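Letter by letter, the chains look like this.
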Amino acid sequence: MSSSDDLDFGYAQYGLSSADIPTQSRLFPLSAAQRGIWFAQHLLDDVPILISQYIEFTDLDLDVDLLVESALTAARELGTGMLRIVERDGEPFQLIDESLGLEWIHHDFRAEEDPRAAAHAWMRADNSTPIDLLSDRLARAATLRLADNHYYLYSRIHHIALDGFGAMTFMNRAAELYAATVEERDPARFLASSLREIVEDEARYRTSSRFEKDRRYWSERSRDFPDPISLAGRSAAPRLPALVISAPLPRATEVAVQRLLARQPGSMFAAVTVAAVAAFLSRLTGEDDVVLSLPVSARTTARLRNSGGMVANVVPVRLAVRDETTVADLMRSVQLELAGALRHQRYRSEDIRRDAGIGGGHLGLFGPSINIMLFQNEFRVRDSVGRYNVLGTGPVEDLTVNLYPSVAGRVAQIDFEANPNLYTEEQLRGHHARFLEFLAAFADAPPDRRVVDLEILYEDEVAHLVPAHGPEPESVCLMPDLLAEGVAADPDGIAIRTSGTEITYRDLDARSNRLARLLIERGAGPETSVAMSLPRSTKSLVAFWAVAKAGAVFVPIDPNLPTDLIAHILTDSGALLGITLAELVADLPDTTHWITLDAEATIRQCAGLTDAQIMDGERTSVLRPDNTAYLTYSSGSTGVPKGVLVTHAGLANFAAAVRSELGVTAQSRVLCFSSASFDASVFEMIPAFSAGATMVVVPPEVRGGNELIDLLRNEMVTHIISAPAALNTVDPRTLEHLEAVMVGGDVCTPDLVDRFGMVCRFTNSYGPTETTIVATVGEPLSRGSPITVGRPLQGVSAVVLDRRLQPVPAGVVGELYLAGQGLARGYHDRRGLTAERFVANPFGEPGQRLYRTGDEVRWVPSLGAEGYSLELIGRSDYWKGALAGLPDVLALPTDRPRPAVRSGVGGCVEFAVSSVTVGRVRSW
């Protein structure tokens, strides 16, 4: 290539020529690897992507000036230390600026109480400081003195200027130049490609037949890539410093690995570790298609291997770990995958992702990383030996396994490095310890042993969680008996307040008794369905009491639901009897016989009936705990609304738990705000009415904001049970009477905790419709608290299983299964779906069942208490897929605002208008 060609290389595509560039600062484009870092750094904003390390000398009389001179020479040879990034018309370029010199800092920590700790704290702070790629120095070095002859030689450089291999090359070259001068000899010859030559070489590769071969290879390997596997079960932006758990390999494990290598000719320690990591991840997540990220140097020539710059790449290693896969099978697969990956390592990860149609994360990885640290960790200057230590290779997106094979007499070491936004130190330590145990089992297993049969030794960890039990259950109590407890607490107490009017428990009891007798006369009773289509009001609460006292099945229907959905619920439930108002009855299907509460005939008929207590003999049959209390509708995996048959058996446990957690008493004033159509309304009513508290009814036209705040203040509301979205428009600082808030049905956000946790007792709950409203309740939350859904309440048991239905230890994500008295009978007239979701309970007595929630969770240490709480991660892949194809049956009439539909947790989706909840349908 001519000199003129050299100057113009790469400029034309950006509309530049050498004439545009000053001689002393000629620009050239970024390499593909650098452009990947450029974009990643912009996405990560204030999380610097750095390479950092230090060499520790403990017996060296260091000549600092000579060391700086040696490092400066090495930086000039590699070009990296004088690199600058500039922008032209929004495009990044690079240039070598000799005027920069090398930034070198000297710190003396000898006066510190703990010099080593002080030096590490300084390095951590330096590694975490954000870097502006256009204005800040990309490279920095430092001499940190801990004692008279004890030094750290520290360096950190942005990944856009240097990769890990190049960083070690730089340190090696600086050490060689220093040693050669001290030993009065010529330094070894050093042939390196310049940074410009690295870019030129890459351009030639991208037009070569080798590039096409690599592209075809990776296109085949990345077909139908699975979602990235993760022990965290979710994703989050990286944060520095990363968590690191490090330990040398136990001697017994190393011996077992060596025996395995002897049985597998041609294998290496790295291959065993990669295989064990894939098997370990598969066992803990249930995934059988495991993709790992393998950082590679991509330096395929001797000249590149002696160069600086950013050349490194990340390629996927894809391994099948199925039920039939043996240890020998997996080892063979790993060797083939590693060989193929290294043979085709120059093809950029960005290109692999683009060709496969894979969306990129912040760092564009394919899954957890396996970083094989193959380098000489000792540096000799005459008789002094310095030990090389890696501080960091950049932020960690999820999990990185750093493997340090045994070299120069050093014991092999395996580090787990993780994103602190995804893992706690305790969780990471647990994963690391389990993996070392699993690696020993993997290496020691016969070649024909199936991987799924290998033990992960955490039986002691899961013993108290298989299952986890809530407190002892309450005595079973029927719905009408729970309501009677409220009347007995204070018959003259206020049961309902709405729009300035009050109804006592004595009056509510009498009104509901009369209406219940009318329902019984019309055929209502145990196992017969009575629909109720009423707006939130005193009448809707009286009707609820009346249906409960008749012993009938309560079928709530929000009158705002689409007509076809109402018709489906009525037909499917078999509700031949219903309760409504005159203004609504004309729009309701006439297949149901409607009792119109405000019709003169109904008023007259009820007035002629006695208001005495309903006795069991008056009902159409005896009411028993296993009779259905209410039937609510939500979507099945087919998108067809399904009815959930909830019995009386779990109501007492639910009522007692919520009353206790919230401190609900006869003096409490509980908000009635949820849609009457779903079990959120039962969530509000049962604890309040069974305690004799006052229910403050929010008029249907009030949806949030100042109107709701004024009502809460004027009515002196003490307790709110609500979905999180409904509270987004409420400022609790003005609510001086507010004592407690419990949220459920959707994700509880830190913002909500911050606002409400400062002024009242604020708790988070969880429970699918299929488990009688609430199954777990968390500890009171305050600003900065980890947000969990707590532990099982009275009479509830919980177990977390992987996809092979094996219990998982604390910190590992699995699917939540629930058991106990509160389990619904099943789905109305859907035996197949009932059998799929309500399964045999191998952890309980014969005949007991588990409910498969479809929610992914993990056990985490409880806040301020012994034991563990459940952290909700999200929906399992199965149920995400089931929800993805739902039809648009939630469309509202065109004359009403169309709600925004968003996925919730616990199989719940809320639909909201102007960010205020107006209703919710389970599993929609």
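Above this note sits the structure.
Asker: Talk me through the pattern of salt bridges; I want residue IDs and the actual numbers.
Answerer: If you walk through the whole model with that rule in mind, you get 49 salt bridges. Arginine 830 is the salt-bridge partner of aspartate 572, the closest N and O atoms lying 3.2 Å from each other. Of the two residues, aspartate 572 is situated in helix H18 (residues 563-573) and arginine 830 in the loop between strand E34 (826-827) and helix H25 (831-837); the sequence distance between them amounts to 258 residues. Classification of arginine 830 by relative accessible area gives buried; the value is 19%. One salt-bridge network, held together by shared partners, links Glu103, Asp126, Arg140 and Arg156.

Asker: Give me the pairing of strand E32 (residues 796-801): which residues, what numbers.
Answerer: Counting buried positions over the six residues of E32 gives six, a clear majority of the element. In this sheet, E32 lies alongside strand E16 (residues 468-469) in antiparallel orientation, the contact comprising two bridges. Bridging from a neighbouring strand, histidine 469 pairs with serine 797 of E32. The pairing of E32 with strand E33 (residues 814-820) spans six bridges and is antiparallel. Residue leucine 801 lies in a different strand from E33, and its bridge partner there is glutamate 815.

Asker: Summarise the side chain of serine 512; cite the residues concerned and give the values.
Answerer: As for its placement among the helices and strands, serine 512 is situated in helix H16 (residues 505-521). Within the structure, serine 512 has its side chain in polar contact with the backbone oxygen of aspartate 509 (distance 3.0 Å). A polar atom in the side chain of serine 512 sits 3.0 Å from the side chain of lysine 549. In this view, serine 512 contacts Val542, Trp545, Ala546 and Lys549; residues no more than four positions away in its chain are not counted.

Asker: Lay out the pairing of strand E28 (residues 740-743) in plain terms, naming residues and giving numbers.
Answerer: Residues Ala740 and Met742 line one face of E28 and the alternating positions Val741 and Val743 line the opposite face, and both faces are buried. Where strand E27 (residues 719-722) and E28 come together, four bridges link them in parallel fashion. Residue pairing for E28: histidine 719 is matched across the bridge by alanine 740. Crossover E28 to strand E29 (residues 761-766) through helix H24 (residues 750-756) is right-handed.

Asker: Any details on the environment of tyrosine 388? Residues and values, ideally.
Answerer: Of note, tyrosine 388 is situated in strand E13 (residues 384-392). Here the alpha-carbon distance between tyrosine 388 and tyrosine 152, two residues 236 residues apart in the chain, equals 9.7 Å.

Asker: Outline the sheet that holds strand E3 (residues 83-88), supporting the account with residue identities and numerical values.
Answerer: What the three strands build is an open sheet, ordered E1-E4-E3; its pairing is antiparallel. At either margin of the open sheet sits one strand with a lone partner, and together these are strand E1 (28-29) and E3. Where E1 lies against strand E4 (residues 91-96), two bridges are found, and the strand directions are antiparallel. Looking across to E4, one finds that phenylalanine 28 is bridged to glutamine 94. Packed onto the sheet, helix H2 (residues 32-44) meets E1, E3 and E4 and runs at close to 120° relative to E4.

Asker: Quick rundown of the packing of helix H21 (residues 651-662) against helix H22 (residues 679-691)? Include the residues and the values.
Answerer: Packing of H21 against H22 leaves a shortest axis separation of 9 Å and a crossing angle of 80°. By the angle class used here, H21 and H22 are roughly perpendicular. Each of Phe654, Ala655, Val658 and Arg659 in H21 lies in contact with H22, whose residues at this interface are Val682, Phe683, Ile686, Pro687, Ser690 and Ala691.

Asker: So what's going on with the environment of aspartate 398? Which residues, and what values?
Answerer: Position of aspartate 398 relative to the elements: it lies in the loop between E13 and strand E14 (399-404). Aspartate 398 gets classed as buried once you look at its relative accessible area, which sits at 13%. Sequence spacing of aspartate 398 and proline 420 is 22 residues, and the spatial spacing of their C-alpha atoms is 8.7 Å. Setting aside chain neighbours within four positions, we find aspartate 398 in contact with Ser230, Ala232, Arg234, Pro368, Glu417, Ala418, Asn419, Leu422 and Tyr423. At a separation of 3.0 Å, a polar atom in the side chain of aspartate 398 contacts the side chain of tyrosine 423.

Conventions adopted
Counting restarts for each chain, with residues numbered from 1 along the sequence as it is written. With pLDDT at 70 or above as the cut-off, local features in this predicted model cover only qualifying residues; side-chain atom pairs require 80 or more to be listed or tallied, and sums for whole chains, interfaces and linings still use all residues. For the side-chain quantities, the full set of heavy atoms in the structure was used; hydrogens and water were omitted. Salt bridge criterion: a side-chain nitrogen from Lys or Arg within 4 Å of a carboxyl oxygen from Asp or Glu. A run of H or I in DSSP counts as a helix once it spans at least four residues, and a run of E counts as a strand once it spans at least two, with each numbered from the N terminus. Whether a residue is buried, partly exposed or exposed follows from its accessible area with a 1.4 Å probe, protein chains only, as a fraction of its type maximum: under 20%, in between, or over 50%, in that order. One requirement defines pairing of two strands: DSSP has to find at least two bridges between them. Any pair of N or O atoms that falls within 3.5 Å is considered a polar contact. Within protein, one atom must be able to donate a hydrogen and the other to accept it, and sequence-neighbouring residues count only if both atoms are side-chain atoms. Throughout, a residue-residue contact means that at least one pair of heavy atoms, one from each residue, lies within 4.5 Å. The handedness rule is simple: strands pointing away from the viewer, and a clockwise path from the first strand over the helix to the second, make the crossover right-handed. Axis lines are fitted to C-alpha atoms, over the contacting stretch for helices. Their N-to-C directions set the angle, which ranges from 0 to 180 degrees. With respect to orientation, any angle under 35 degrees is reported as roughly parallel, any angle over 145 as roughly antiparallel, any angle of 65 to 115 as roughly perpendicular, and every other angle as oblique.

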